[in-house]
Amino acid sequence: HEIPQLYHVLKGEMSLVGPRPEDPEFVEMMRADYRTILQVKPGVTGYSQIAFAEESNILDPEDPVNHYIVRLFPQKLALDKMYATERSLLLNLRILFWTAAAVILRRAVAVHRDTGKMNLRSR
């Protein structure tokens, strides 16, 4: 599922790092907050992808959509907004490093919700 996205990166439609595109209905719910986020090219990886790599395991199986809207969506929105306002080459390199660490080491990476600081999640 990442291969088509890499094609979009090569075409210049996406970046390696940036907010992952969100469902348009959810974007409408928070249109004002998304003004900042939508100014940034969407990416394959970013704070939200690292922090919520196990999203499907986190969601309440009884009501996944409502659980997403109430609990996960606000956190992802805040992380994507933080990235959009603080993005830099150094930040992109840090996000790529931690993405690679998560994939290679197969360990969860924690993303601090206020600072964006990343480290391996303690078990």
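Before reading further, recall that the structure is shown in the block above.
Calculation notes
The residue count restarts for each chain, going from 1 along the sequence in the order it is written. Under the rules for a predicted model, residues below a pLDDT of 70 receive no local features and side-chain atom pairs below 80 are neither given nor counted, while totals for whole chains, interfaces and linings still include all residues. Based on all heavy atoms of the structure, the side-chain values leave hydrogens and waters out of the count. Whenever Lys or Arg places a side-chain nitrogen within 4 Å of a carboxyl oxygen from Asp or Glu, that contact is recorded as a salt bridge. We count a stretch as a helix when DSSP gives it H or I for four or more residues in a row; a strand needs E for two or more, and each element gets its number in order from the N terminus. The buried label goes to any residue with under 20% of its type's maximum accessible area, the exposed label to any with over 50%, and the partly exposed label to all in between, with areas taken from a 1.4 Å probe on protein chains only. Any two residues whose heavy atoms approach within 4.5 Å are treated as being in contact. Planes of paired rings set the category: under 30 degrees apart is stacked, over 60 is edge-to-face and the rest tilted, where pairs are Phe, Tyr or Trp rings (Trp by its six-membered ring) whose centres lie within 6.5 Å. Definition used in this section: a nonpolar core is a set of buried Ala, Val, Leu, Ile, Met, Phe, Trp, Tyr and Cys residues joined via side-chain atoms within 4.5 Å.

### Points about the pattern of salt bridges
- One pass over the full model with this rule turns up 4 salt bridges.
- Where Lys81 meets Asp33, a salt bridge forms, and the shortest distance between an N and an O atom there is 2.8 Å. Within this pair, whereas Lys81 is found in helix α6 (residues 64-86), its partner Asp33 is found in helix α3 (residues 31-37), the two being separated by 48 residues in sequence.
- Taking the relative accessible area as the measure of exposure, Lys81 reaches 30% and is therefore partly exposed.
- When the shortest N-O distance is used, the salt bridge between Glu55 and Lys76 registers 2.7 Å. Residue Glu55 is found in helix α5 (residues 55-58), and its partner Lys76 is found in helix α6; the two are separated by 21 residues along the sequence.

### Section: the side chain of Thr45
- Residue position: Thr45 is located in strand β2 (residues 43-45).
- Classification of Thr45 as buried rests on a relative accessible area of 8%.
- When sequence neighbours within four positions are dropped, the list of residues in contact with Thr45 reads Leu16, Val17, Gly18, Ile50, Ile95, Leu96 and Thr99.

### What about the packing of aromatic side chains?
- Tallied over the entire structure, the rule returns 6 aromatic pairs.
- When the centroid spacing of 6.5 Å and the interplanar angle of 85° are considered together, the rings of Tyr47 and Tyr83 count as edge-to-face. One end of the pair, Tyr47, is in helix α4 (residues 47-51); the other, Tyr83, is in helix α6, with 36 residues separating them in the sequence.
- Counting every residue linked through ring pairs, the aromatic cluster contains Phe26, Tyr34, Tyr68 and Phe73.

### Section: the nonpolar core
- Ranked by size, the top nonpolar core spans 26 residues in total, and within it Tyr47, Ile50, Leu79, Tyr83, Ile95, Val111 and Met118 carry the most contacts.
- Sorting the residues of this core by element identifies α2 (24-29), α3, α4, α6, α7 (89-105) and β3 (109-111) as the ones contributing at least two each.
- Here the element with the most residues in this core is α6; it accounts for 8 residues.
- Every residue in contact with Tyr47, bar those within four places of it in the chain, is listed here: Leu79, Met82, Tyr83, Leu91, Ile95, Val111, Thr115, Gly116 and Met118.

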